[in-house]
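Here is how the chains run, residue by residue.
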Amino acid sequence: MTSAAPDENGAVALTGATGFVGRALLDRFLKSGRPVRCLVRNPSGFEAESPARVITGDLDNQSALDELVAGAETVVHCAAALGGMARGDLHRINVIGTARLARAAEKAGVRRFILASSLAAREPGLSDYAATKRAAEQAARNAGDRMQVVTLRLPAIYGPGDRNTAPLMQAMQMGLLPEPGRDARFSLLYVDDAADALAAAVGASGDPSGVYEVSGGGEACSWRSLAAAASRVCGRRVRLVATPRPVADLAADLSGFTARMTGRPSIFTRGKVRELFHPDWTVSDDAYTRATGWRAGMSLERGLTRTLETL
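Source: prediction; values computed, not measured. Throughout, residues of each chain are indexed from 1 in the direction in which the sequence is written. Per-residue local features of the predicted model are confined to residues with pLDDT of at least 70, and side-chain atom pairs are confined, for both listing and counting, to 80 or more; whole-chain, interface and lining totals are unaffected and use all residues. Think of the side-chain values as coming from all heavy atoms in the structure, minus any hydrogens and water.

(A) Region of interest: the overall build of the protein chain. Every helix listed is a DSSP run of H or I at least four residues long, and every strand listed is a run of E at least two residues long, numbered separately from the N terminus. Scanning the protein chain from terminus to terminus reveals 12 helices and 13 strands. Relative to a compact globule of 311 residues, whose C-alpha radius of gyration would be 19 Å, the protein chain shows 19 Å and is just as compact. Across its three principal directions, the C-alpha atoms of the protein chain cover 55 × 40 × 40 Å. The proportion of buried residues among the 311 residues of the protein chain is 50%. Long-range contacts, defined here as pairs at least 24 residues apart, represent 78% of the contacts in the protein chain between residues at least 6 apart. Working definition of accessibility: Shrake-Rupley area with a 1.4 Å probe, residue cover restricted to the visible protein chains. Surface accessibility of the protein chain: about 14400 Å² in total, with carbon and sulfur atoms responsible for 50%. The convention is simple: Lys and Arg are positive, Asp and Glu are negative, and His and the chain ends are not counted. For charged residues, the charge sits on one atom: NZ in Lys, CZ in Arg, CG in Asp, CD in Glu. Each charge class in the protein chain was averaged separately, 38 positive and 33 negative side chains, and the resulting centres sit 4 Å apart. Every radius of gyration here is taken over C-alpha atoms, with the globule rule written as 2.2 Å times N^0.38, N being the number of residues. Burial classes: relative accessible area under 20% of the type maximum marks a residue as buried, over 50% as exposed, and values in between as partly exposed (1.4 Å probe, protein chains only). Here a residue-residue contact requires only that any non-hydrogen atoms of the pair lie within 4.5 Å.

In structure tokens, the structure reads:
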């Protein structure tokens, strides 16, 4: 475990720095000159490419968490287990890990704790993942009264290099888009906007404590409007492929069987199917804009263009 002299004022402690959103957020902190330290399970390679101070450990390692938060002004907690893991592992990482980190931060006198949550937490009954994200939010709020707690419920995030949305992007490139739930409406957020939203919580004045839902400028999507945008970007018609619930459930079961055989968790589960078929994941950014001044800067078509050209 790394030891170093205390950081300068304004230091940020970051978890999940090797993840999709965490990397984009770390890049912003470094470019702004803000002192940042990162909790990393396997620092091999990461230390060579990043000047950030690295603390080796994970959310199960109390001494690593204590070192991570000591002297920090703000904690940004992006690390999480995704759907597809066993329920016990989801609870251990998302709930117990968040509680452990938040208590360590409160004890160390951290001023602000920022939790990257999920819009799925709005509907905790849909999946084990959604339930643990809602419980993680409560765990952060329970850490103590001396620390400001800002929770951002992020919707589906996309952008270059995202493995979770890559199959969907590849399907659109081939002219096809699955349509689970004909009348469903949802929100999408480009990765740079997600990172900027979290960074805005770090720099917000006053006390922005609260639970906020954010999206790509409040731009609500349907599968039809997404297909139309992809058609314009790809220069070819992207056809909707109706996906009945039983077909999606069967695909989830097959994905689960493959995951058990290979030992690699799959995020496409029955719970994810329930999330996909939920009719309304739309969001208004107004409350978060009032609290921090943040607004999404990437339109759907520009974001799709940047993402698809990297496949």
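(B) Local environment of the sheet that holds strand S3 (residues 53-56). Only when DSSP finds a minimum of two bridges between them are two strands counted as paired. Read across the sheet, seven strands follow the order S3-S2-S1-S4-S5-S6-S11 without closing on themselves; strand pairing throughout is parallel. Only two strands of the sheet have a single partner each, and these edge strands are S3 and strand S11 (210-213). Taken over all neighbouring pairs, the strand axes of this sheet differ in orientation by 20° on average, direction set aside. Sheet topology note: the strand S2 (residues 36-40)/S3 ladder contains four bridges and is parallel. When the sheet's bridge partners are listed, Leu39 is paired in S3 with Ile55. Fitted lines through C-alpha atoms give the axes, limited to the stretch in contact for helices. The angle between two N-to-C directions lies from 0 to 180 degrees.

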